[in-house]
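Chain and residue survey
Here's the letter readout for the chains.
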Amino acid sequence: MKKKLAVVMSVLLTLGLVLSVAGCGTTQNSAKSNASNTKKKVGIIQIVEHPSLNTIRDSIINELAAQGYKDGENITIDYENAQGDQTNLKTISQKFVNNKYDLIIAIATPSAQAVVSETKDIPVIFSAATDPVGSGLVKDMNNPGGNVTGTSDRVSAEKIMELAKRITPNIKTVGALYNSSETNSVAVIDNLKDYAQKNNITVVSATVTNSSEVQQAVNSLVGRVDAIFSPIDNTIASAMPLVAQTANKAKIPVYVGADSMVKDGGLATYGINYTILGKETANMAVEVLKGKKAGDIPVKTMTDMDIYVNQGTADTIGVKLPEDVLKQAAQVFGK
């Protein structure tokens, strides 16, 4: 009888030990699962692929990592590109909102508009929104309120045209090449028209609604203008090599709103550094991840501007870049 009792006790003890170990394993797995679930989810939405926006995106991710927010470690970053399609923007925005992301970073105005229309709760940080008030993203630059803030890449058409006068002084007619549905572009073109009116320059508009219309729009300006101006326009920027190729054949200088557009064949710009813009956007994202309300952070407009020129383009169209411009240039492409 004692032997039977001893055997039973032994079996019970062994079973208890097994259950205990299994329970620990379950607890550990649960702890790991909970730890995984505590990672902040950050969505990054980008309207289209082009060098300026790609630079911003990479700079944001790199700066987040530099400040301790590393993808796959303590945050999860979900990057989505809409490939220039408004329907894709809406779908991506709804995905981020429905999955209850902790923060959404929207690169370029159309991306930000799409996200803001889907949520009033999830913090939204926009990057490279030229006219945040005019595009309806915020009501006040200094006091955005709500769940939205970000960085503006607004450039001065007046300053770019003053640079153009230094390089090609005999401009009497300028072609305005832009997407008329992008509010950020319209705001800069309005600035161009104000400058032109004050300086007896005629503006000829060539507008597009998508990239397939760019070739025809540039062709429509050939023989009619002394120069072409394009703001930081996502549609034009994505097709910039085509713009440059057509304009170069006609020996027309193209003045643009972004350094990447100069790199892709534009003649010159007086614009911002997009790596710095991305870092400033990341700084805002970090503040939000640490608990600050997005609407309490003032919108930041970049003020440090640099000259960018393309020597290869200048050679192709027969323009001699002034020595003082070359000395002041932050970067000379196409050498």
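Keep in mind that this is a model prediction, so the values were computed, not measured.

1. Brief notes about the packing of aromatic side chains
Geometry of an aromatic ring pair is reported as the spacing of the ring centres plus the angle between the planes. Summed over all chains, the structure comprises one aromatic pair. Here F96 and Y101 contribute two aromatic rings whose centre-to-centre distance is 4.9 Å and whose plane-to-plane angle is 25°, an arrangement assigned as stacked. Residue class for F96 comes out buried when judged on its relative accessible area of 0%. Relative accessible area serves as the criterion here: at 10%, Y101 is assigned to the buried category. For R57, the ring lying beneath its charged end belongs to Y79, and the centroid distance is 4.6 Å.

2. As for the pattern of salt bridges
Close approach of charged atoms allows side chains with opposite charge to pair. Inspection of the entire model under this criterion finds eight salt bridges. Across the pair R166 and D324 runs a salt bridge whose closest N-O atoms are separated by 3.0 Å. Pair noted here: R166 is in helix α5 (residues 157–167) and D324 is in helix α13 (residues 323–328), with a separation of 158 residues, a long-range link. A salt bridge links K292 to E287, with the nearest nitrogen and oxygen atoms 3.4 Å apart. Judged by its relative accessible area of 40%, K292 falls in the partly exposed class. A network of salt bridges, in which partner residues are shared, links E49, R57 and D58.

3. Concerning the pairing of strand β1 (residues 40–46)
A large share of β1 lies buried, amounting to five of its seven residues. Looking at chain direction, β1 and strand β2 (residues 75–81) are connected through seven bridges and run parallel. Bridge pairing links G43 to D78 in β2. As a crossover connection, the stretch from β1 through helix α2 (residues 51–66) into β2 is right-handed. As judged from the five bridges shared by β1 and strand β3 (residues 103–107), these two strands associate in the parallel manner. Bridged to V42 within β3 is L103.

4. Section: the sheet that holds strand β5 (residues 148–152)
On the basis of which strands lie adjacent, the open sheet formed by six strands has the order β2-β1-β3-β4-β5-β11 and parallel pairing. Edge positions in the sheet fall to β2 and β11 (300–301), since each has one partner strand and no second. Sitting on the sheet, helix α4 (residues 109–116) touches β1, β3, β4 (124–127) and β5, and the angle it makes with β3 is about 145°.

5. Considerations on unusual backbone geometry
Phi at A108 is positive, roughly 85°, even though this residue is not glycine. In this structure, A108 sits in the loop between β3 and α4. Note on A108: relative accessible area 1%, which makes it buried.

6. Details of helix α7 (residues 214–221)
Along α7, the residues classified as buried are V214, A217, V218 and L221. Projected down its long axis, α7 shows its buried positions confined to an angular sector of 95°, all on one face. In this structure, the buried side of α7 is in contact with β6 (173–179), β7 (202–208), β8 (227–230), α8 (234–238) and α9 (240–249). After α7 finishes, the residue G223 shows a positive phi value of roughly 85°.

7. Structural notes on the packing of α5 against helix α6 (residues 183–198)
Packing of α5 against α6 leaves a shortest axis separation of 8 Å and a crossing angle of 55°. When the axis of α5 is compared with that of α6, the two are oblique. Within the contact between the two elements, α5 uses A157, E158, M161, E162 and K165 and α6 uses V188, N191, L192 and Y195. In the contact of α5 with α6, the residues fall into five nonpolar, one polar and three charged.

8. Some words on the nonpolar core
Residues L64, I167, I228, F229 and Y255 are the most contacted members of the largest nonpolar core, which totals 106 residues. Examining the composition of this core, we find that eight residues originate from one element, helix α11 (residues 274–289), more than from any other. If near-sequence neighbours (up to four positions away) are discounted, Y255 is found in contact with I160, A164, I167, T168, I171, A227, I228, F229, S230, L267 and A268.

So, how was this worked out
- Residues numbered from 1 in each chain as written.
- Predicted model: local features only at pLDDT ≥ 70, side-chain atom pairs only at ≥ 80, totals over all residues.
- Heavy atoms only, no water.
- Phe/Tyr/Trp six-rings, centres within 6.5 Å; stacked < 30°, edge-to-face > 60°.
- Buried < 20%, exposed > 50% of the residue type's maximum accessible area, 1.4 Å probe, protein only.
- Lys NZ or Arg CZ within 6 Å of the ring centre and 35° of its normal.
- Salt bridge = Lys/Arg side-chain N within 4 Å of Asp/Glu carboxyl O.
- Helix = DSSP H or I, 4+ residues; strand = E, 2+ residues; numbered from the N terminus.
- Pairing = 2+ DSSP bridges.
- Right-handed = clockwise from strand over helix to strand, strands pointing away.
- Contact = heavy atoms within 4.5 Å.
- Axes fitted to C-alpha atoms, helices over the stretch in contact; angles between N-to-C directions.
- Arc of directions from axis to C-beta.
- Parallel < 35°, antiparallel > 145°, perpendicular 65-115°, else oblique.
- Nonpolar A, V, L, I, M, F, W, Y, C, P; charged D, E, K, R; others polar.
- Core = buried A, V, L, I, M, F, W, Y, C linked by side-chain atoms within 4.5 Å.

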